[in-house]
Amino acid sequence: MGIHQDGQYAIVSNETPVRIDTSAGPHRRNITTEFAVNYERKFGAHAVTGLLAFNQLNQHYNAVLPTGYINYVGRVTYGYKNRYLAEFNAGYNGSVQFAEGKRYGFFPAFSLGWVVSEEKFWGKSNKVFNYMKIRGAYGEVGNDKIGSEKYYYLQTYPMLTSYRPSFGIDNNPENRIYEGKEGNIDVTWERARKLNIGIDMRLFDSKLALTVDAFTEKRINILDYDRAISTIYGMLGATDSNKGFPPQNLGEVRNSGFEVDASFNDKIGDVSYYVKGNVSFARNKILKKGEEPQTYPWTSSIGRKVNQRFGMIVDGFYNTQEEIDALPSRFSSNLKLGDLKYRDINGDGEIDSYDVTAIGKTRLPEIIYGFTLGGEWKGIDWQLFFQGAAITDLYVNGFGYWEFTNTGSVMKHHLGRWTPDNKENATYPSLSPSTSKQNHRLSTFWLKNGNYLRLKNMQIGYTLPVNWTKKARISSVRIYVSGTNLLTFAGFKEYDPEANDGDNTSYPQMRNYSVGLNLKF
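Residues numbered from 1 in each chain as written. Predicted model: local features only at pLDDT ≥ 70, side-chain atom pairs only at ≥ 80, totals over all residues. Heavy atoms only, no water.

Help me understand the overall build of the protein chain, please; the structure alone is not making it clear to me.
Helix and strand counts for the protein chain stand at 2 helices and 27 strands. Here the C-alpha atoms of the protein chain give a radius of gyration of 33 Å, more than 25% beyond the 24 Å that 2.2 N^0.38 yields for 521 residues. Projecting the C-alpha coordinates of the protein chain onto the three principal axes gives extents of approximately 105 × 90 × 65 Å. Counting every position in the protein chain, which comprises 521 residues, the buried fraction comes to 33%. For the protein chain, contacts bridging at least 24 residues in sequence account for 63% of all contacts bridging at least 6. For the protein chain, the distance from the average site of its 61 positive side-chain charges to the average site of its 54 negative ones is 10 Å. (Helix = DSSP H or I, 4+ residues; strand = E, 2+ residues; numbered from the N terminus. Rg over C-alpha atoms; globule rule 2.2 N^0.38 Å. Buried < 20%, exposed > 50% of the residue type's maximum accessible area, 1.4 Å probe, protein only. Contact = heavy atoms within 4.5 Å. Lys, Arg positive; Asp, Glu negative; His and termini not counted. Charge placed at Lys NZ, Arg CZ, Asp CG, Glu CD.)

Put into structure tokens, the structure is as follows:
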């Protein structure tokens with residue numbers, strides 16, 4: 001507003017309304033509410049703690065439907081003379097992903113521990129077994145997510161923006177909605193039941209520490225799509241985001257294994273040293289899955305590992321025309337000498353997709369391990385860390401390994417190609433000028449040993465004597481050199497053993513060297 005000389009008010013400019021810009025994104029907003037009450041008290045040799053908590057989370061992302069959770073949590077612990085230990089936890093969790101009546105799940109957990117070395121019969125003068133604890137735990141946890149889907153119980157109505165009908169005088173195409181994915185009012189929490197038994201020990205004046213755990217987990221009601229329903233029902237593929245099927249509680253997977261963690265430290269004269277190591281083994285098995293009906297049992301994922309590869313079993317090369325005539329392939333109408341020869345699993349006299357079966361291992365190693373060697377002598381210290389993996393395969397393909405793929409060239413291993421003069425010693429099929437429908441498919445030939453051991457890090461340092469540095473009012477001076485990825489021992493050397501399946505285009509592990517100086521004042 002403004003004032004004229006005659007005292008009258010006049011509008012100078014209109015007020016700009018306050019608004020929230022929603023044209024750019026993404027816009028996220030999380031609202032969290034939490035309350036907690038703790039209790040802790042000791043009654044002589046008895047110790048009791050308790051917790052009651054409430055948590056609510058609302059998540060908003062742009063203009064899509066928000067998600068939310070409500071969690072009620074309780075915990076009680078009990079200890080007697082640090083000898084007998086018990087803990088009970090419970091969660092009552094709610095998710096808006098599910099319909100009313102299926103929205104909440106109860107997830108209990110409890111653990112028991114017995115410190116045997118605190119018993120009177122153990123004896124405090126025991127020099128061999130200084131500490132021993134036996135423990136066990138059981139617990140259940142839930143999962144409500146599968147991909148990016150939300151509100152599994154609601155029918156969806158997507159908008160059709162292509163192949164649109166036209167109406168009116170102008171005959172302009174109009175957007176329309178159609179009946180999309182059905183809702184499932186019966187779907188509920190996926191549940192994992194975990195059991196763990198372990199022992200902790202310290203021996204030989206606590207120089208040796210050992211922890212051993214054995215575990216098993218059974219995951220039930222896994223959220224999955226029912227691929228056994230025919231598309232005659234009126235939907236597209238089971239996992240189609242707009243016109244597929246809603247998630248159901250269909251899957252079961254069992255996972256079992258063990259973990260060992262050990263360390264030893266000692267001193268011989270002026271040399272102190274230590275060794276630390278750990279190893280874990282885990283193996284899983286699919287018990288139930290929403291897979292499509294299988295013509296043959298060997299094509300089914302049930303009874304296999306999670307992410308089990310399925311492909312062809314290679315039985316050498318086609319060395320003669322008679323071999324080609326006796327076992328033709330539906331993958332290629334132009335089989336040539338030197339092509340890979342696959343095993344006829346179903347015995348019908350030809351090679352086709354019905355001969356696909358479970359092959360090799362998975363990319364996820366079943367054994368993962370590592371160990372550290374270190375020590376110190378008169379100011380010189382050293383540490384070497386090794387890591388490794390075993391029981392795993394690497395699937396090599398594409399222009400990282402195949403010949404003439406995507407305008408690629410040839411590599412050293414192609415020198416072992418099949419030729420009429422080299423067929424007895426060939427290590428690679430006869431070369432193809434482009435992608436071969438017969439050879440370039442998942443098979444045992446392209447699965448390579450993924451086991452490895454790597455010197456991940458090494459460091460050597462020297463700490464100057466204190467009487468050298470105290471005159472400069474420096475309490476400690478340490479000079480060191482270190483390196484990473486210095487050595488690798490692998491069954492297959494043409495790929496990085498930590499790389500994923502594929503054409504070897506992932507960024508390789510770098511070997512680094514560094515020199516450093518640590519000063520403490």
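Following the structure, the description resumes.
Would you mind going over the pattern of salt bridges with me for this structure?
Side-chain pairs of opposite charge can arise whenever the charged atoms involved come near each other. Under the criterion given, the structure shown has 25 salt bridges. Note that Glu350 is salt-bridged to Arg330, the shortest N-O span being 2.8 Å. A residue pair is termed long-range when its members are at least 10 positions apart, and Glu350 in the loop between β19 (340–342) and β20 (357–358) and Arg330 in the loop between α1 (321–326) and β19 qualify at 20 residues. One connected set of salt bridges, linked through shared partners, spans Arg454, Lys456, Asp496 and Glu498. (Salt bridge = Lys/Arg side-chain N within 4 Å of Asp/Glu carboxyl O.)

Explain the environment of Gly251 here, please?
Take Gly251: it is sitting in strand β15 (residues 248–268). With 45 residues separating them along the chain, Gly251 and Ser206 place their C-alpha atoms 46 Å apart. Aside from chain neighbours lying at most four places away, what touches Gly251 is Arg219, Ile220, Asn221, Ile222, Lys288 and Lys289.

How do you make sense of the environment of Gly180 when you look at a structure like this?
Position of Gly180 relative to the elements: it lies in the loop between β12 (176–177) and β13 (190–203). Distance from Gly180 to Gly244, taken between C-alpha atoms, is 7.5 Å for residues 64 residues apart in sequence. If we skip the residues at most four places from it in the chain, Gly180 touches Gln155, Thr156, Tyr157, Pro158, Met235 and Asn242.

Before we go on, may I ask you to explain the packing of aromatic side chains in this structure?
Applying the stated criterion across every chain yields a total of 26 aromatic pairs. Taking 6.4 Å as the distance between ring centres and 75° as the angle between the ring planes, the aromatic pair formed by Phe331 and Tyr342 counts as edge-to-face. Of this pair, Phe331 sits in the loop between α1 and β19 while Tyr342 sits in strand β19, and the two are 11 residues apart along the sequence. Like Phe331, the residue Tyr342 is buried in the burial classification. Here Tyr401 and Tyr428 contribute two aromatic rings whose centre-to-centre distance is 6.4 Å and whose plane-to-plane angle is 50°, an arrangement assigned as tilted. Highlighted residues: Tyr401 in the loop between β23 (393–395) and β24 (447–449) and Tyr428 in the loop between β23 and β24, separated in sequence by 27 residues. Each member of the pair, Tyr401 as well as Tyr428, carries the same accessibility label: buried. An aromatic cluster is defined as three or more aromatic residues linked by ring pairs; in this entry it consists of Phe317, Tyr401, Trp402, Tyr428, Phe445, Trp446, Phe492 and Tyr495. The ring centre of Tyr274 lies 5.5 Å from the NZ or CZ of Lys276, which sits over that ring. (Phe/Tyr/Trp six-rings, centres within 6.5 Å; stacked < 30°, edge-to-face > 60°. Lys NZ or Arg CZ within 6 Å of the ring centre and 35° of its normal.)

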